[in-house]
Structures are given as C-alpha cells and as structure tokens.
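Read off the chains here:
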Amino acid sequence: MYLTSLEMIQSDCPMIKTSELSDAEIEIVNFDFRYPSLRVRAYINANDRDNLQNTIEFLRSQDKIKNFEIIERLDNYALATIDSEMTNAMQIIRENNGYIIGPFSVRKGKELWRVGFDKKSELDNALVALDNNFNDFRLKKCFKIDSKDFWKVIDYGSHVIELINAIENLTLTEKLMLRSAIKLGYFNDPRDINLSKLAEKFRITKSGVSRNIRRAERKILVHIEKMISAKLKDKEL
C-alpha cells in the first residue's frame, strides 16, 4: 500500500475556486462516488457569519455543483452535503484504482489530497496521467506501508494524534533542545554528549538545558505511556 499527500490546484474544482475568493477553509471528510458525480460531506469554517454566507452562496453557484444541503450551521461554521461533477484529477485517480485515505483540506486556492494505491505501478501511472492532462500538482509525501502497520495507525489513531499535538505544542526552545539532545547522543549509553556541551551549544546554563529537556520529555512521554498501556491492555484481552 502506497500512501500519498498531493497538493492540487485544479481549474475545474468548485472548492478550490471558492477558496481562492474566500478566507474560509473547507475540510472534506467523507466521499461517496456516484460516477460521474461525487457526493461529499464538508466542514466550512469562515472568519465570521458574513464570510460564511458569502462562501456558501459562491460555492452553491458553481456550475459543477448539482446539489448543496446544509446539515448544520453555527456562527461561522457549517457542515454541508455537496453533490458535484468529478474533476479531471479525481477521475484519473479513480481510473488508476486510487482511493481516499483521509480528509481533503482546501485553503487559499489549493487542495491537499490524501490518496492511497495498492501498487506502485498504479501510483506512477496516475502521476503521469495527472501531468499529461495539465493538472497542477505536487507530490508532497509518499511512503509504503503494509496492511498490518496501517491498521496499527487506525487502532491507535487517537493516541497518535495526541502525541503529534503534544510535539506540535512544545515551545521552539523545547523542540530545538530535545532534537539536539537526541541527534547528538545525549540519550545514548554511554552518552556522546553531556549537559555541559549542550549548554555551550545553546549558550545557556546546564540547569536551563536540563529543565527544557525534562519539560519536553514530560509533555511527550505521557502520551507514549498511553500507547504502551493500550497495547498491554490488548494483550490482556
């Protein structure tokens, strides 16, 4: 299984056209293929109510939109079901046996796709076809994963997300010092670098380095412990 992230700019995509003219962000979370059309469920987040209304009206008016139904609306947020014609790029993905593996994000005239392929040849053929049909795209990420590892991600998804959020929420200083400590061998046995050398590198005291590393560890390790506990609980069952 090959998992990819594709940054798309499609001239025939009503979502992208809408995001070019609006500060609103669109998250497409569910896809129902009804060839040659496509039904999606999408969250629309705008800066305020007026911007949300303008975004909805503009999106509704696009030629490719066949049906637009608001499911829920609150302040500057809306959840909608949208029926539209399939874009050229999506047709190419489908024709090469590609499938959706995660939500699509639409912001400022660009769309981030998360697409999977079972075979490398299908992925390669899809990329060639996208290029040949003048689609503006960039392959941001691509990696191979087997089904067993894929299901691990699904099973421990909430813990993985919590861990990623914890890493993202580290301060810049905590990130830099923890990364340097890891890369330079502070956690090796025996250590390749000590606190004094790390302190020299960052031009702060040893206690300052130690405090930032321990603080970063504490923020991350609590989520690793949850993943370990969940795994042990599965074995007990």
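One can find the structure itself at the top, above this paragraph.
Structure report, in brief. (Residues numbered from 1 in each chain as written. Predicted model: local features only at pLDDT ≥ 70, side-chain atom pairs only at ≥ 80, totals over all residues. Heavy atoms only, no water.)

The next point concerns the packing of helix H3 (residues 88-95) against helix H4 (residues 120-132). Geometrically, a packed helix pair is captured by the angle between its two axes and the distance between the axes. Close contact between H3 and H4 brings their axes to 9 Å; oriented N to C, the two are set at 155°. Taken together, the axes of H3 and H4 lie roughly antiparallel to each other. The crossing of H3 and H4 is right-handed. Side by side, H3 and H4 meet where Ala-89, Ile-92 and Ile-93 of the first sit next to Ala-126, Ala-129 and Leu-130 of the second. (Axes fitted to C-alpha atoms, helices over the stretch in contact; angles between N-to-C directions. Helix = DSSP H or I, 4+ residues; strand = E, 2+ residues; numbered from the N terminus. Parallel < 35°, antiparallel > 145°, perpendicular 65-115°, else oblique. Left-handed = near helix turned anticlockwise from the far one by under 90°. Contact = heavy atoms within 4.5 Å.)

Under the criterion given, the structure shown has 12 salt bridges. Between Arg-138 and Glu-7 there is a salt bridge, and its shortest N-O distance comes to 3.6 Å. Here the residue Arg-138 occupies a position in strand S9 (residues 136-144), and Glu-7 occupies one in strand S1 (residues 2-9), the gap between them amounting to 131 residues. Taking relative accessible area as the criterion, Arg-138 reaches 43% and is therefore assigned partly exposed. The exposure class of Glu-7 is buried, given its relative accessible area of 18%. Glu-85 serves as the salt-bridge partner of Lys-66, at 3.0 Å between the closest nitrogen and oxygen. (Salt bridge = Lys/Arg side-chain N within 4 Å of Asp/Glu carboxyl O. Buried < 20%, exposed > 50% of the residue type's maximum accessible area, 1.4 Å probe, protein only.)

Here we come to the nonpolar core. The nonpolar side chains of a soluble globular protein tend to be buried, and buried together. The biggest cluster of nonpolar side chains holds 37 residues, and the ones touching the most others in it are Met-15, Ile-28, Ile-44, Phe-68, Ile-82, Ile-93 and Trp-113. Beyond its immediate chain neighbours, meaning those up to four positions away, Ile-82 contacts Met-15, Leu-38, Arg-39, Val-40, Ala-42, Leu-59, Ile-65, Asn-67 and Phe-68. In terms of nonpolar packing, the next biggest core, distinct from the first, is built from 14 residues, Leu-163, Leu-170, Leu-178 and Ala-181 among them. (Core = buried A, V, L, I, M, F, W, Y, C linked by side-chain atoms within 4.5 Å.)

Looking at the element boundaries, Thr-18 is found in helix H1 (residues 14-21). Accessibility expressed as a relative area gives 1% for Thr-18, which makes it buried. Within the structure, Thr-18 has its side chain in polar contact with the backbone oxygen of Pro-14 (distance 2.8 Å). Once residues lying within four places of it in the same chain are set aside, the contact partners of Thr-18 are Thr-55, Phe-58, Leu-59 and Gln-62. (Polar contact = N/O pair within 3.5 Å; in protein donor to acceptor, adjacent residues only side chain to side chain.)

Note that the residue after Asp-189, namely Pro-190, is joined by a cis bond; omega there is 0°. The topology assignment puts Pro-190 in the loop between helix H7 (172-183) and helix H8 (195-202). Even without being a glycine, Asp-75 presents a positive backbone phi close to 50°. Following the sequence through the fold, Asp-75 ends up in the loop between strand S4 (65-74) and strand S5 (77-85). Taking relative accessible area as the criterion, Asp-75 reaches 42% and is therefore assigned partly exposed.

Attention now moves to the environment of Val-40. Take Val-40: it is sitting in strand S3 (residues 37-45). Residue class for Val-40 comes out buried when judged on its relative accessible area of 5%. Counting along the chain gives 137 residues from Val-40 to Met-177, while the straight-line C-alpha distance between them is 43 Å.

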